[in-house]
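One-letter residues, chain by chain:
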Amino acid sequence: MPTKPTKILETFPNPEPRREYTISFTCPEFTCLCPKSGQPDFATISIRYVPGRTCVELKSLKLYLQRFRNRGIYYEAVTNQLLDDFVAASRPVRCKVVSVWTPRGGITTTVTCDYERPK
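This text gives an overview of the structure that appears in the document. (Residues numbered from 1 in each chain as written. Predicted model: local features only at pLDDT ≥ 70, side-chain atom pairs only at ≥ 80, totals over all residues. Heavy atoms only, no water.)

**Section: the packing of aromatic side chains**
Definition in use: Each Phe, Tyr or Trp ring, with Trp reduced to its six-membered ring, pairs with another whose centre is within 6.5 Å; inter-plane angles below 30 degrees give stacked pairs, above 60 give edge-to-face pairs, and intermediate values give tilted ones. In this description a helix means any DSSP run of H or I spanning at least four residues, a strand means any run of E spanning at least two, and both kinds are numbered starting from the N terminus. Throughout this description, buried means an accessible area under 20% of the type-specific maximum (1.4 Å probe, protein chains only), exposed means over 50%, and partly exposed covers the range between. Placement of a charge over a ring requires the Lys NZ or Arg CZ to be within 6 Å of the ring centre, with the centre-to-atom vector within 35 degrees of the ring normal.
Scanning the model with the defined rule gives seven aromatic pairs in all. On the basis of an interplanar angle of 40° and a centroid distance of 5.9 Å, the ring pair of Phe 25 and Tyr 49 is categorised as tilted. Highlighted residues: Phe 25 in strand 2 (residues 23-33) and Tyr 49 in strand 3 (residues 40-50), separated in sequence by 24 residues. Of the two residues, Phe 25 and Tyr 49, neither departs from the other in class, the shared state being buried. With a centroid separation of 5.8 Å and 50° between ring planes, the pair formed by Phe 30 and Phe 68 is classed as tilted. One end of the pair, Phe 30, is in strand 2; the other, Phe 68, is in the loop between helix 1 (58-66) and helix 2 (75-90), and 38 residues separate them in sequence. The same class applies to Phe 30 and to Phe 68, which are both buried. Counting every residue linked through ring pairs, the aromatic cluster contains Phe 30, Tyr 64, Phe 68, Tyr 75 and Trp 101. Directly above the ring of Phe 68 sits Arg 67, whose terminal nitrogen or CZ lies 5.0 Å from the centroid.

Written out as structure tokens, the structure reads:
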């Protein structure tokens, strides 16, 4: 597995596909760039999901998140992209991505995106 940032989220077979259970990740060191100023933005990213047939491998998640470090992107766009990419890679039953951003100009921002697989 590579050790540089990547666009790929790797998965492995769900070890207990007969049971619904929840997996939660917290990534307290997420960074990207403000598309207006070029200044760094910092967030805690939380991903909570009920796996389908596959689970997301942690090292690939870490390397995937690192790819945003030098990218100019709005909070709302990055949170939605994280959800879309996570769902595309792992096909979960349900997933929620929450980004909590360090205050900028005295304003704290939290963005929440939800997904539920159609029945």
